[in-house]
Amino acid sequence: MLSLVIATLLTACSDNPYNQGTDLNRDTTESGIATDTGEDADTDADADSDTDADADADSDTDADTDPGDCSSAWDPVQKTGWVRTYNVEYMGAAGTGTQSAIGPATSSSGEAGYSYKDSMLGDMAFASEAYDTTVIVGCEGGSGEGLYAYEWNGTITHYYQSFPITSVATPPRMYLPSDTDLGNKGGWDYTYTLAVTTTSGADTLTYNGTYLEIGFEDYELPNGHTVEAYRLTNSFSLTDTAMAASFNGYIEQWWVKGIGLVKELSTDADSMSTVMSREIVDYTGLTPE
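Residues numbered from 1 in each chain as written. Predicted model: local features only at pLDDT ≥ 70, side-chain atom pairs only at ≥ 80, totals over all residues. Heavy atoms only, no water.

### Description of the overall build of the protein
Move 1: Looking only at helices and strands, the protein features zero helices and 14 strands.
Move 2: Listed N to C, the secondary structure of the protein is β-β-β-β-β-β-β-β-β-β-β-β-β-β in terms of helices and strands.
Move 3: In the protein, which comprises 289 residues, the proportion classed as buried is 49%.
Move 4: A total accessible area of about 12800 Å² is found for the protein, and carbon and sulfur atoms account for 48% of it. (Helix = DSSP H or I, 4+ residues; strand = E, 2+ residues; numbered from the N terminus. Buried < 20%, exposed > 50% of the residue type's maximum accessible area, 1.4 Å probe, protein only. Areas by Shrake-Rupley, 256 points an atom, 1.4 Å probe, with all protein chains shown as cover.)

### A look at the side chain of Glu213
Move 1: Assignment of secondary structure puts Glu213 in strand S10 (residues 201–220).
Move 2: An unpaired buried charge is present at Glu213: no salt bridge exists, and Lys185, the closest side chain of opposite charge, is 8.3 Å distant.
Move 3: A polar contact is formed between the side chain of Glu213 and the backbone nitrogen of Gly183, at a distance of 2.7 Å.
Move 4: Polar contacts involving the side chain of Glu213 include one to the main-chain amide nitrogen of Lys185, which spans 3.0 Å. (Lys, Arg positive; Asp, Glu negative; His and termini not counted. Salt bridge = Lys/Arg side-chain N within 4 Å of Asp/Glu carboxyl O. Polar contact = N/O pair within 3.5 Å; in protein donor to acceptor, adjacent residues only side chain to side chain.)

### As for the pairing of strand S9 (residues 187–198)
Move 1: By the alternation rule, side chains of S9 split into Trp188, Tyr190, Tyr192, Leu194, Val196 and Thr198, which are all buried, and Gly187, Asp189, Thr191, Thr193, Ala195 and Thr197, of which none is buried.
Move 2: Bridge analysis of strand S8 (residues 161–177) against S9 gives six bridges, and the strand direction is antiparallel. The residue of S9 that forms the bridge with Thr166 is Thr197.
Move 3: The hairpin formed by S9 and S10 contains two residues between the paired strands. (Pairing = 2+ DSSP bridges.)

### Describing the state of the cysteines
Any covalent bond linking the sulfur atoms of two cysteines counts as a disulfide.
Move 1: A complete count under the given rule lists one disulfide for this structure.
Move 2: The disulfide that involves Cys70 links it to Cys139, with 2.0 Å between the sulfurs. A torsion of 85° about the S-S bond marks the disulfide between Cys70 and Cys139 as right-handed. A residue pair is termed long-range when its members are at least 10 positions apart, and Cys70 in the loop between strand S1 (26–27) and strand S2 (83–90) and Cys139 in the loop between strand S5 (128–138) and strand S6 (141–142) qualify at 69 residues. (Disulfide = S-S within 2.5 Å.)

### Digging into the environment of Val196
Move 1: Mapped onto the elements of the fold, Val196 is located in strand S9.
Move 2: As a C-alpha pair, Val196 and Ala169 span 27 residues in sequence and 9.1 Å in three-dimensional space.

### Comments concerning the confidence of the model for the protein
Move 1: Chain-level pLDDT for the protein is 80 on average; 74% of the residues reach the 70-or-more range.
Move 2: Note on residues 1–18: pLDDT under 50 across the span, and 130 contacts to partners over four residues away in sequence or across chains.
Move 3: When the criterion is pLDDT under 50, residues 22–64 qualifies, and its contacts beyond four places in sequence or with other chains add up to 87 contacts. (pLDDT = per-residue confidence, 0-100. Contact = heavy atoms within 4.5 Å.)

### Notes on the packing of aromatic side chains
Move 1: All told, the structure shown has ten aromatic pairs when counted by the stated rule.
Move 2: Summarising the aromatic geometry, the rings of Trp82 and Tyr116 are spaced 6.1 Å apart at their centres and angled 45° between planes, so their arrangement reads as tilted. Of this pair, Trp82 sits in the loop between S1 and S2 while Tyr116 is found in strand S4 (residues 112–123), placing the two residues 34 residues apart along the sequence. Considered together, Trp82 and Tyr116 belong to a single accessibility category, that of buried residues.
Move 3: Geometrically, the ring pair formed by Trp188 and Tyr211 is stacked, given 4.7 Å between the ring centres and 15° between the ring planes. Here Tyr211 lies in strand S10 and Trp188 lies in strand S9, a separation of 23 residues in the sequence.
Move 4: The structure contains a cluster of three or more aromatic residues connected by ring pairs, namely Trp188, Tyr190, Tyr192, Tyr207, Tyr211 and Phe236. (Phe/Tyr/Trp six-rings, centres within 6.5 Å; stacked < 30°, edge-to-face > 60°.)

### Examining the pairing of strand S3 (residues 93–106)
Move 1: Across eight bridges, S2 lies against S3 in antiparallel orientation. Following the sheet pairing, Tyr86 is matched in S3 by Gly97.
Move 2: Joining the antiparallel neighbours S2 and S3 is a turn of two residues, in which Met91 adopts a positive phi near 50°.

As structure tokens, this is what we get:
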């Protein structure tokens, strides 16, 4: 998500192509998400001899935003009113970041899920780095039950120049297993393309990667309380069509039940330099379990 590094992709405007966006590969057979087809199944036999054509045109055009039974204790996007605040370092710049609940949403391809705001502002001596995106996630996917990242929409700022960006993952990428599988999943592979559109043009990014569960370890929250954190790694390669180049990245994340993402470290695996790091400093509307 990245909230995987978040949840937003900065590749198209930066020399740095490692933000995967949440860093949320899906199979629709176990979605748990309601789908409204707008079609009426009329099975009655009309035996009358009239010759008029009964064309029952159902004009139901409502967008079904009901995500069904799509909930997670380890990233409680289904809850309302929550905010997570982070200290961030991005491309060497210190900054602050927030993630905050928005509510039920539907992706551009019609998947029902939840959306949240993911923002970062970095302070630099000669430049400003920032992003302000809406992330849509849900439970439909082909890597098993879990949370999947669908798309990111918003604005990114690079060297004081801001422009809109839209990124859609095909197929969506699972970034967390279900509560039942979490800790027992072991790992999973993924492949997806990210269609990136900005005012300066379009690009296609192809990701191939592997998530690996490291296990559980103690983590100290900002209030000094120690809780159990789930540690997850994401090793991936990225091919950028526009740049005709390939890159390798590595992301470590720590998740706390009842709160969500508390710590993240994104590394350029080719140079072993830190691309982005963030760690939680405050949270509201969430309770560790």
